Amino acid sequence: MSFSIRIAVRSYELDALGHVNHAVYHQYGEVARMKGFQAAGCDWDRLTVARTAPVLLSTTVNFRRELRGDDEVDVSCVVKFGTGKTFVIEQVLTKPDGTVAAEMHGVFGLMDLGARKLFADPRTVLEAAGFDVTVLNGE
């Protein structure tokens, strides 16, 4: 089971067609990522002091079903680390009835803000800041 939070659609997030504007899906993903990293114990203050920050390198959203005013959506967050400088965050936006509204795939890195370069092993750096990978591993 992956980490998930519920978000209520607000009227100001709707476009002229009455459904959630495409850019808002990215905002929902960001909210879930921040809450997920906090739930996993990532100490943002420790990262800031160490002049370290996660950076989004690419993102893809596949829209499946529209979200409309007064809908609610559960936004999951699963982090997958490999062996390189990047890691992947997979997210699914699901209506309470189980309908998938969208799927998001993001590629991230962890930047050394002093050197302006990605860390070679982002998982190790995040774990040193208290990040518990088991919270967001999707199992």
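Because the structure is predicted, anything quoted here is derived from the model rather than measured.

Draft legend 1. Inspection of the side chain of Thr52 at higher detail. For Thr52, the location among the structural elements is in strand E2 (residues 52-63). A distance of 3.2 Å separates a polar side-chain atom of Thr52 from the backbone oxygen of Ala50.

Draft legend 2. Representation of the packing of aromatic side chains within the structure. Counted under the stated rule, the structure contains six aromatic pairs. Taking the centre distance of 4.9 Å and the plane angle of 45° together, the rings of Phe37 and Phe131 count as tilted. Within this pair, whereas Phe37 is found in helix H1 (residues 22-39), its partner Phe131 is found in the segment after helix H3 (122-128), the two being separated by 94 residues in sequence. Here Phe37 and Phe131 have matching classes, each one buried. On the basis of an interplanar angle of 20° and a centroid distance of 5.9 Å, the ring pair of Phe87 and Phe108 is categorised as stacked. Taken together, the residues span a long stretch of sequence, with Phe87 in strand E4 (residues 86-94) and Phe108 in strand E5 (residues 100-112) at a distance of 21 residues. Assigned by exposure class, Phe87 and Phe108 land together as buried. Taken together, Phe37, Trp44, Phe81, Phe87, Phe108 and Phe131 form an aromatic cluster joined through their ring pairs.

About the cut-offs
- Residues numbered from 1 in each chain as written.
- Predicted model: local features only at pLDDT ≥ 70, side-chain atom pairs only at ≥ 80, totals over all residues.
- Heavy atoms only, no water.
- Helix = DSSP H or I, 4+ residues; strand = E, 2+ residues; numbered from the N terminus.
- Polar contact = N/O pair within 3.5 Å; in protein donor to acceptor, adjacent residues only side chain to side chain.
- Phe/Tyr/Trp six-rings, centres within 6.5 Å; stacked < 30°, edge-to-face > 60°.
- Buried < 20%, exposed > 50% of the residue type's maximum accessible area, 1.4 Å probe, protein only.

Spatial relationships are all this shows, so hold off on functional conclusions.
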